[in-house]
Amino acid sequence: MTTGLDRRLRLLQAAALTSTCDRFAIAPLLVVISLDLGASLAAVATVASVYFLAYGLMQPVWGLVSDRIGRVRVMRIALVGAALGGVGSVLAPDLLTLGITRAVAGGSFAALIPSTLVYVGDAWPVAVRQRPLSDVLAASSLGVAAATAGAGLLADLVGWRAVPAATAAAAVVLWFALARLPEPDRELTAGNPWQSLRGVVRTPWALAVLALAFAEGVVVLGVLTFLAPAAQSLGTSATVAGLVAAGYGVGALAWSRLVRRLVGRVPPAGLAAIGGTFLVAAWIVPWVAVNLVTITVAGVLVGGAWAFLHSTLQTWVTEVVPAERASAVALFAASLFLGSAAGTALFAPLAEAGSYPLVFGLAVAAAVPVAVLSTVGRRAYART
């Protein structure tokens, strides 16, 4: 029998899936957009960086607002902006306009993931919280697979503008669907909004998790942006590149099922260690040789890193400052996507030059300390 919490979780998963679809659809389109608008790959990658930057910077803003007007209301307001940003992207005549409209879409869709995570933190007890968080992550992973595979296919069949049109339409549908989602039982905050953020950044453990989130953004999401372009550099179509890059979403979805079973049986530090191992192995594979097989394997392994490591960090941030959970989650998401923007900008010139082995080699070098520090830090936190 479906319970009230189950119904809520389905709507939260729909929100996570929609946001993730829009965020990950850009990677298979980078080469296509560069050809259509007559811009370099590095310039188009800048549009992706701007999107990630807006996505990251708006996280604390939406978190503060949700504390004051409610989680669901924030998501529905943001969906209006997301739909408008999507329509603007469809009509964009040049790269500058596209960058502006994608920033609007990114800043708006930014409200959905942290709001769903905080909603889970509000509605589920900490002892079982990683399970629904894992379910939200699974929906997000499905969105990654659908976005990367579907975006490439749509680009080849209809044109790249069909992709932002689809996510804009999905935003409208979700706006109506979320009208059925009740607000979690909590008191709305009425105090100084910046006090919440100060409470988080003054907590050493919170700062540690935020730093790890930034590093994860660089080495996971930043590098992941270039899996599809790496495939296209081998002469494949956008459809094939999207299908290859979709290995990440499929892997994350599959591995998240295992994570759900292991929660409560394996300590969080153990889950982080498994995820860190996946992350290092993921980038070693295409570093050795860049071909369709190694790119696919890398995506599947990064999906495992996301399922194990990222879900552990997500759960951790809901614990470090319970009184300021919304602000902590918002800053966590901001750190993650600021790292993603930094990583995309950092590796774009190398991708433009076709130096994909160097991109993946640098990713290996960065993944090792992320894996070690996440595991050691989570174990130390448990002892406190």
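An unreviewed UniProt entry lists the protein under the name MFS transporter, with Pseudonocardia broussonetiae given as the organism.

**Brief notes about the overall build of the protein**
The helix and strand tally for the protein stands at 17 helices and zero strands. Since a compact globule built from 384 residues should have a radius of gyration of about 21 Å, the 19 Å found for the protein is in line with a globular shape. In terms of overall dimensions, the protein has C-alpha extents of about 55 × 45 × 40 Å along its principal axes. When contacts within the protein are restricted to residue pairs at least 6 apart in sequence, long-range pairs at least 24 apart make up 86% of them. Accessible area of the protein: about 14,100 Å², with a carbon and sulfur share of 70%. Within the protein, the 15 negative side-chain charges are centred at a point lying 8 Å from the centre of the 24 positive side-chain charges.

**Structural notes on the packing of helix H14 (residues 268-288) against helix H17 (residues 356-383)**
At a minimum axis separation of 8 Å, H14 and H17 run at an interaxial angle of 170°. One way to sum up the angle between H14 and H17 is to call them roughly antiparallel.

**Here's the deal with the packing of aromatic side chains**
A complete count under the given rule lists 13 aromatic pairs for this structure. Among the aromatic side chains, those forming a connected cluster through ring pairs are Tyr51, Phe52, Tyr55 and Phe337. The side chain of Arg76 reaches across the aromatic face of Trp175, ending 4.0 Å from its centre.

**Here we look at the domain arrangement of the protein**
In many analyses, interface size is given as the accessible surface area lost on bringing the parts together. Structurally, the protein comprises domain 1 (1-186) and domain 2 (191-383). Between domain 1 and domain 2, the C-alpha centre-to-centre distance is 18 Å. Contact residues are listed per partner, giving 49 residues for domain 1 and 58 residues for domain 2. Of the roughly 4,400 Å² buried between domain 1 and domain 2, counting both surfaces, carbon and sulfur atoms make up 68%. Applying the counting criterion to the domain 1 and domain 2 interface returns zero salt bridges. Remark: the boundary between domain 1 and domain 2 carries seven residue pairs in polar contact (both at pLDDT 80 or more). Elements supplying a minimum of two residues to the side of domain 1 that touches domain 2: helix H1 (4-24), helix H2 (30-37), helix H3 (41-69), helix H6 (112-123) and helix H7 (130-157). Take the side of domain 1 that touches domain 2: its biggest share by element is 17 residues, from H3. Split by residue class, the side of domain 1 that touches domain 2 holds 28 nonpolar, twelve polar and nine charged.

**Examining the nonpolar core**
In this structure, Phe109, Leu279 and Trp283 are the most contacted members of the largest nonpolar core, which totals 125 residues. The element best represented in this core is helix H15 (residues 292-320), accounting for 13 residues. Formed jointly, this core draws a minimum of three residues from each of two domains, domain 1 (1-186) and domain 2 (191-383). Non-local contacts of Leu279, meaning those with residues more than four positions away in its chain, are made with Val219, Val220, Ala305, Leu309, Ala367 and Val370.

**Considerations on the pattern of salt bridges**
By the definition in use, this model includes four salt bridges. Of the charged contacts, one joins Arg102 and Asp22 as a salt bridge, the two residues approaching to 2.9 Å between their closest N and O atoms. Taken together, the positions of Arg102 in helix H5 (residues 95-109) and Asp22 in helix H1 put the pair 80 residues apart, joining distant regions of the chain. Comparing Arg102 with Asp22 shows no difference in burial state: the two are buried. Across the pair Glu319 and Arg378 runs a salt bridge whose closest N-O atoms are separated by 3.5 Å. Here Glu319, found in helix H15, pairs with Arg378, found in helix H17; they are 59 residues apart in sequence, far enough to count as distant. On the basis of relative accessible area, Arg378 is assigned to the buried category, the value being 7%.

About the cut-offs
- Residues numbered from 1 in each chain as written.
- Predicted model: local features only at pLDDT ≥ 70, side-chain atom pairs only at ≥ 80, totals over all residues.
- Heavy atoms only, no water.
- Helix = DSSP H or I, 4+ residues; strand = E, 2+ residues; numbered from the N terminus.
- Rg over C-alpha atoms; globule rule 2.2 N^0.38 Å.
- Contact = heavy atoms within 4.5 Å.
- Areas by Shrake-Rupley, 256 points an atom, 1.4 Å probe, with all protein chains shown as cover.
- Lys, Arg positive; Asp, Glu negative; His and termini not counted.
- Charge placed at Lys NZ, Arg CZ, Asp CG, Glu CD.
- Axes fitted to C-alpha atoms, helices over the stretch in contact; angles between N-to-C directions.
- Parallel < 35°, antiparallel > 145°, perpendicular 65-115°, else oblique.
- Phe/Tyr/Trp six-rings, centres within 6.5 Å; stacked < 30°, edge-to-face > 60°.
- Lys NZ or Arg CZ within 6 Å of the ring centre and 35° of its normal.
- Domains from an automatic or database assignment.
- Buried area = accessible area lost by both parts, 1.4 Å probe.
- Salt bridge = Lys/Arg side-chain N within 4 Å of Asp/Glu carboxyl O.
- Polar contact = N/O pair within 3.5 Å; in protein donor to acceptor, adjacent residues only side chain to side chain.
- Nonpolar A, V, L, I, M, F, W, Y, C, P; charged D, E, K, R; others polar.
- Core = buried A, V, L, I, M, F, W, Y, C linked by side-chain atoms within 4.5 Å.
- Buried < 20%, exposed > 50% of the residue type's maximum accessible area, 1.4 Å probe, protein only.

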